[in-house]
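# Commentary on secondary and tertiary structure
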Amino acid sequence: MSARMLMNGVWAALILLVLCECMMLEAQLQVGFYSSSCSMAEFIVKQEVAKAFIKDIGVAAGLVRMHFHDCFVRGCDGSVLIDSTLSNTAEKDSPANNPSLRGFEVIDSAKARLESVCQGVVSCADIVAFAARDSVEITRGFGYAVPAGRRDGRISLASETRNLPSPAFNVDQLTQNFKNMGLTQEEMVTLSGAHTIGRSHCGSFSSRLYSFNSTTSQDPSLDPGYAAQLKQQCPQGSTDTSLGVPMNPASPAITDVGYYTDILANRGLFTSDQTLLTNPATVIQVIQNARSSLLWKSKFAFAMVKMGQIGILTSTAGEIRANCRVINS
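Since the structure is predicted, the reported quantities are computational estimates derived from the model, not experimental observations. (Residues numbered from 1 in each chain as written. Predicted model: local features only at pLDDT ≥ 70, side-chain atom pairs only at ≥ 80, totals over all residues. Heavy atoms only, no water.)

### Some words on the UniProt feature "site: Transition state stabilizer" (unreviewed entry) in the protein
Residues given the UniProt feature "site: Transition state stabilizer" (unreviewed entry) here are Arg65. Within the fold, Arg65 resides in helix H3 (residues 59-71). (UniProt positions renumbered as here; feature names shortened; annotations may be inferred. Helix = DSSP H or I, 4+ residues; strand = E, 2+ residues; numbered from the N terminus.)

Below, the structure written as structure tokens:
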């Protein structure tokens with residue numbers, strides 16, 4: 001047996017293991033949950049994601065990030081979709097989400113279509129989970145089966161977005177943050193690879209360019225050539241909050257391992273990206289992921305399924321919102 005055949009066999013076994021583990025996770029949710037109650041549910045969401053992606057390829061990264069930001073605050077309950085009111089500032093309007101979080105109109109469109117064919121059946125939380133999977137797939141990542149059956153939460157508080165990891169976190173802070181959500185350090189490194197698609201506003205990393213610490217203005221861990229490029233795109237003192245750059249300049253709309261090769265070249269955009277080279281265990285994982293797209297994509301699919309089961313509401317808990325932006329009266 002050739003070495004190539006042996007390696008292909010190893011990767012195939014890993015993928016099979018991932019798929020089996022995905023199916024075993026959290027029996028409260030089920031793959032094909034809407035097969036009898038709303039058989040077109042996942043297809044309709046996929047259609048809406050595809051339509052939005054054709055108009056704006058950046059929406060895919062937004063929808064993946066939306067799922068992440070939903071799950072890390074009160075669990076995967078669709079609370080990130082709720083609009084603020086006069087008496088409450090909701091998650092979506094916290095500095096962690098506004099103006100950077102996007103894709104809400106895709107969820108709205110999918111929900112409107114689903115309500116027209118299966119009224120009161122498909123939760124907003126599940127739509128977000130489906131849309132994230134479809135976004136990974138449309139950007140050339142691995143598709144994966146999404147266990148569904150989540151119900152929607154009725155509370156959304158901007159103050160609770162403090163549970164979200166900061167782009168300024170170091171590796172220990174990231175590890176603890178993900179551990180608090182039931183995710184391992186390796187899953188943290190794997191899920192961080194979502195930064196391979198999309199853009200970031202300059203304000204999320206400008207301190208690395210102009211005010212790193214009291215002794216140096218520029219982060220010494222940042223490749224000087226890349227830093228110079230970033231300074232051109234994000235001028236010091238600019239008040240234009242819309243300015244941003246691709247997270248992975250070489251392939252910003254492809255779910256690939258470019259994120260990890262960038263880190264190895266000291267071109268990680270956030271402190272929370274480059275910090276993965278400061279810990280022996282995470283360094284090994286970064287190198288492994290950079291070397292094998294197949295391995296990382298398989299691990300990423302599994303980690304997304306696991307993340308999608310954080311703090312879920314099922315059975316009679318929560319509700320099925322008629323409008324994803326507003327709790328039922």
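### Topic: the domain arrangement of the protein
What the domain assignment lists for the protein is domain 1 (40-163) and domain 2 (171-306). Each of domain 1 and domain 2 was reduced to a C-alpha centroid, and the two centroids are 23 Å apart. Taken together, the contact pairs 19 residues of domain 1 with 18 residues of domain 2. Summed over both partners, the interface of domain 1 with domain 2 comes to about 1600 Å²; 76% of that surface belongs to carbon and sulfur atoms. Inspection of the domain 1/domain 2 interface yields zero salt bridges. Mapped by element, the contributors of at least two residues to the side of domain 1 that touches domain 2 are H3 and helix H5 (124-138). (Domains from an automatic or database assignment. Contact = heavy atoms within 4.5 Å. Buried area = accessible area lost by both parts, 1.4 Å probe. Salt bridge = Lys/Arg side-chain N within 4 Å of Asp/Glu carboxyl O.)

### What to know about the environment of Lys111
Along the chain, Lys111 turns up in helix H4 (residues 104-117). In sequence terms Lys111 and Cys324 are 213 residues apart; their C-alpha atoms lie 7.3 Å from each other.

### Considering the packing of helix H7 (residues 185-192) against helix H12 (residues 280-291)
The contact between H7 and H12 brings their axes to 10 Å, and the two run at 45°. In this view, H7 runs oblique relative to H12, as classed from their interaxial angle. Of the two possible hands of crossing, H7 and H12 adopt the one that is right-handed. Here H7 contributes Gln185, Glu186 and Val189 to the contact with H12, which in turn contributes Ala281, Thr282, Gln285, Val286 and Asn289. (Axes fitted to C-alpha atoms, helices over the stretch in contact; angles between N-to-C directions. Parallel < 35°, antiparallel > 145°, perpendicular 65-115°, else oblique. Left-handed = near helix turned anticlockwise from the far one by under 90°.)

### Considering the UniProt feature "binding site: Ca(2+) 1" (unreviewed entry) in the protein
Listed under "binding site: Ca(2+) 1" (unreviewed entry) in the UniProt record, and renumbered for this structure, are Asp70, Val73, Gly75, Asp77, Ser79 and Glu91. For the residues just named, distributed over 22 residues, the greatest C-alpha separation is only 12.5 Å, placing them together at one site. Following the sequence through the fold, Asp70 ends up in helix H3. Judged by relative accessible area, which is 1%, Asp70 ranks as buried. (Buried < 20%, exposed > 50% of the residue type's maximum accessible area, 1.4 Å probe, protein only.)

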